Amino acid sequence: MTRGFRLRATTPRRILRRAIDGGGRESHVIFEQFSAGGCQSYLVGCAESCAAALIDPEISLTDRYLAAAARDGLRIRYLIDTHTHADHLSATQQLSRQLGVPVAMHRASPAPFVTLKLDDGEMLAVGKLRLQVLYTPGHTRDSFCLCVEDRVFTGDTLLIGATGRTDLPGGDPNALFDSLFGRLSRLDPALKVHPAHEYKGRDHSTIGQEFAQNPRLQVRERTAFIEMMRNLNLKMPTHITEALRTNMSGGKTVAQMLAEAAASVPFMSLAELQARVAAESQELLILDVRERDDYEKAHIPGARLLPRGQLELRVNQELPDPTCRIVVYCELGRISTLATATLRSMGFQRAVALDGGMQAWREASYPVRSGADP
Ligand SMILES: [Fe+2]
């Protein structure tokens, strides 16, 4: 009957259901769950209006979210982070720029790119759907849960069989106790629980199951709960520094810097450069942007040295002809990509980056030269 039910057979992690709205008409919820290294994110759409919200998107899945929304005929209207994530990189800011739609977070969020600040008891209208905000601080000061129809997106306030930790910036076990036992415990036990993290491949749980079986929710005395949360001794998340830096400020990740640079420059293969070196081509200026020590140990024959750290300051002196064809390399092919993007932005429109670096050049047993001269 609808595009929605046809998709059900091919995508087992998708749940589509019929609902009857207040006017007695049939409507449909389109729901899809995405997993990236234990981080869960969710696309929730109204099939009738084609409006959708994306909850807790993770940066590596950006293209998948857009592809899923396009496949389902959905238009993403809101990008929502249930809290400031310390353990993964949020895609909300990048998608907001791409799609021109607001980033919604709790008003306590410090992120400057949040254009829609939410508070307890408010709702977002996504077509016929209503996403209800339940403020649940504790894991962070800006944590909230979102109730939508028969499910609740719990962020890191409540996980399946666990809770969010309270030992990272903004964490407060006392507040988490109130959020769990004063707010979530009052929800309908049948509500499906969809957390922001799940490491054992479970799709969801229910409020009833969690309050009956979740070990942390069996500790119902405040002091004992706080004591338990303070003694979990969890190790720090792997990317905490970069996650907090970028999620709180809207700054770019290293991967984003590299991806943007790579998208703005052409590349030359190792084999192509080797053929030109062998032919002693004079047309190509080979630029080594590593440090002098590395250059003197071994460099590509004919290459000139201009370390990345000195590029902007010495470029006029070292590269007086902006029309020359330049191939830039470094050790691994990353710094050279950034350097090529910089050269292009400075007007060297024929600068290209080597696809690979000195390490790959050596591994390919291509010729090298040592010493201070090209
Ligand atoms: Fe978190």
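What this report covers is the structure whose coordinates are included nearby.

How each quantity is defined
Sequence order sets the numbering: in each chain, residues are counted from 1 along the sequence as written. A pLDDT threshold of at least 70 governs which residues receive local features in this predicted model, and a stricter bar of 80 or more applies before side-chain atom pairs are shown or counted, although totals over entire chains, interfaces and linings include all residues. Only hydrogens and water are set aside when side-chain values are computed; all heavy atoms of the structure are taken into account. Aromatic rings from Phe, Tyr and Trp, taking only the six-membered ring of Trp, are treated as a pair when their centres fall within 6.5 Å; an angle between ring planes under 30 degrees marks them as stacked, one over 60 as edge-to-face, and anything in between as tilted. Secondary structure counts use DSSP, requiring at least four H or I residues in a row for a helix and at least two E residues in a row for a strand, with both numbered from the N terminus. Only when the NZ atom of a Lys or the CZ atom of an Arg is both within 6 Å of the ring centre and within 35 degrees of the ring normal do we say a charge sits over the ring. Here a donor is an N, O or S atom found within 2.8 Å of the metal, or within 3.2 Å if the metal is Na, K or Ca; sites may look incomplete because water is not among the atoms. Type-normalised accessible area, obtained with a 1.4 Å probe on protein chains alone, sets the label of each residue: buried when under 20%, exposed when over 50%, and partly exposed for intermediate values. By definition, a salt bridge exists where a carboxyl oxygen of Asp or Glu is found within 4 Å of a side-chain nitrogen of Lys or Arg. Our arc is simply the arc of the directions from the helix axis toward the C-beta atoms. Contacts are assigned to residue pairs that have any heavy atoms within 4.5 Å of one another. In this description, a nonpolar core means a group of buried Ala, Val, Leu, Ile, Met, Phe, Trp, Tyr and Cys residues linked to one another through side-chain atoms lying within 4.5 Å. Paired strands are those between which DSSP finds at least two bridges. Here an axis means a line fitted to C-alpha atoms, over the contact stretch when the element is a helix, while the angle between two N-to-C directions is reported on a 0 to 180 degree scale.

Here the focus is the packing of aromatic side chains. Here the distance between the centres and the angle between the planes together describe a pair of aromatic rings. Applying the stated rule across the entire model yields 9 aromatic pairs. Each ring, one from F181 and one from F211, has its centre 6.1 Å from the other, and the planes form 80°; the classification is edge-to-face. With F181 in helix α4 (residues 173-183) and F211 in helix α5 (residues 207-213), this pair connects stretches of sequence that are 30 residues apart. Here a set of aromatic residues connected by ring pairs shows up, and it is made of F177, F181, F211 and F225. Cation over ring: R151 sits above F31, and NZ or CZ is 4.3 Å from the ring centre.

Coordination of the iron ion by the protein is provided by H83 (NE2), H139 (NE2) and D156 (OD), with metal-donor distances spanning 2.1 to 2.3 Å. Considered as a linear motif, the donors of the iron ion on their single chain read H-x55-H-x16-D. With a gap of 17 residues between them, H139 in the loop between β9 (129-135) and β10 (144-148) and D156 in the loop between β11 (151-155) and β12 (158-159) connect regions that are remote in the sequence. Taken individually, H139 and D156 each receive the classification buried, so the pair is uniform in this respect.

A few words now on the pattern of salt bridges. By the definition in use, this model includes 23 salt bridges. Ionic pairing is found between R71 and D72, a salt bridge with its closest N-O pair at 3.2 Å. Of the charged contacts, one joins E272 and R276 as a salt bridge, the two residues approaching to 2.8 Å between their closest N and O atoms. In this pair, E272 and R276 both sit in helix α9 (residues 270-278), 4 residues apart, roughly one turn of the helix. The exposure class assigned to E272 is partly exposed, which follows from its relative accessible area of 33%. Residues joined in a network through salt bridges with shared partners are E272, R276, E283, R325 and R350.

This brings us to helix α11 (residues 311-318). Considered for burial, the residues of α11 that qualify are L311, V315 and E318. Down the axis of α11, the smallest arc covering the buried residues is 90°, so these residues share one side. For α11, the exposed residues lying more than 90 degrees away from the buried face are L313, N316 and Q317. Elements that come into contact with the buried residues of α11 comprise β17 (284-288), β18 (304-305) and α12 (335-345).

For soluble globular proteins, nonpolar side chains are generally found buried alongside one another. Counting 21 residues, the largest nonpolar core has V44, I80, L131, L146 and F153 as its most contacted members. Contributions of two or more residues to this core are made by β2 (26-36), β3 (39-46), β4 (51-55), β5 (75-80), β8 (123-126), β9 and β10. Core analysis: the next-biggest nonpolar cluster, separate from the first, contains 20 residues, A47, L54, A69 and L79 among them.

Right, let's talk about the sheet that holds β17 for a bit. The strand order across the open sheet built from 5 strands is β16-β20-β19-β17-β18, with neighbouring strands paired in parallel fashion. Of all the strands in the sheet, the pair left with one neighbour each is β16 (267-269) and β18. Pairing of β17 with strand β19 (residues 325-329) involves 5 bridges; the strand directions are parallel. By the bridge assignment for β19, L284 is matched with R325. Of the strands in this sheet, β16, β17, β19 and β20 (351-355) are in contact with α9, which crosses β16 at around 70°.

By themselves, these figures tell us nothing about what the structure is for.
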